[in-house]
Amino acid sequence: NNDGEFGGTFSDIFSIKRDTQPPSVPVISNQPLKTNDKSPQWSWQAISDAVKYHVILTKDDSDTVIYDSSDLSVNSYTHDNNLSDGVYEFKVASIDDFGNESDFGKQTLTIDSEPPSKPIITEPTTPTNNKKPTWTWDNNSDVAKYGIVFNGGSELMIHTTSFTPTEELNDGEYLFKIRSYDD
């Protein structure tokens with residue numbers, strides 16, 4: 001007896017799952033901080049409970065949003081078009097089945113595709129009787145090192161703005177050339 005009330009049959013059992021914990025923050029793989037590649041690829045560790053990723057790419061201290069999507073299903077990103085020179089911030093967050101989003105993993109990258117300027121050389125006086133002449137050149141703030149080739153030898157990397165042979169030179173003609181490298 002159910003006190004004059006008649007209830008029908010219960011429905012099938014339905015359950016819900018509740019999860020408020022965001023997945024782990026993606027760790028961006030080892031990427032250089034500066035590159036001349038105008039189409040760099042960012043990748044990050046796959047997060048086991050992530051079903052998609054939220055990726056944001058901004059230029060020049062977050063002023064210009066280049067890309068923003070929360071529907072990326074792979075753990076890497078390469079922009080469709082070549083990027084211009086400048087400073088970029090890449091951010092990625094993981095999103096699970098419940099829509100929980102992690103904090104962003106972040107990385108800053110500078111793209112510098114312009115080679116440094118050619119050094120302006122101050123040659124030693126020629127002809128000379130100096131057995132150890134010195135070549136000097138201007139200092140350029142965009143230069144990290146210089147590659148010099150002396151008399152057909154191998155390229156020697158140096159960080160100074162002058163070169164003097166280590167050995168005394170014999171009589172004859174000697175050739176010198178230099179180029180700049182940036183970071």
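A brief structural summary. Because the structure is a prediction, the values reported are computed rather than measured.

Turning next to the pattern of salt bridges. The tally for this structure, following the rule as stated, stands at three salt bridges. Residue Asp 85 is joined to Lys 38 by a salt bridge in which the shortest nitrogen-to-oxygen separation is 4.0 Å. In this pair, Asp 85 is assigned in the loop between β5 (76-78) and β6 (86-96) and Lys 38 in the loop between β1 (34-35) and β2 (41-43), connecting sequence segments 47 residues apart. For Asp 85, a relative accessible area of 27% puts it in the partly exposed group. With a shortest N-O distance of 2.8 Å, Arg 179 and Glu 155 are connected by a salt bridge. Highlighted residues: Arg 179 in strand β13 (residues 176-181) and Glu 155 in the loop between β10 (145-150) and β11 (156-158), separated in sequence by 24 residues.

Roughly 390 Å³ of internal volume is contained in the largest pocket. Tallied by class, the residues present in the lining of the largest pocket amount to eight nonpolar, seven polar and four charged.

Cut-offs used in this document
Residues numbered from 1 in each chain as written. Predicted model: local features only at pLDDT ≥ 70, side-chain atom pairs only at ≥ 80, totals over all residues. Heavy atoms only, no water. Salt bridge = Lys/Arg side-chain N within 4 Å of Asp/Glu carboxyl O. Helix = DSSP H or I, 4+ residues; strand = E, 2+ residues; numbered from the N terminus. Buried < 20%, exposed > 50% of the residue type's maximum accessible area, 1.4 Å probe, protein only. 1 Å grid on protein atoms, 1.4 Å probe; cavity = no way out; pocket = protein on both sides within 12 Å on 5 of 7 lines; lining within 4 Å. Points joined across faces, edges and corners; volume = space filled by probe spheres on them. Nonpolar A, V, L, I, M, F, W, Y, C, P; charged D, E, K, R; others polar.

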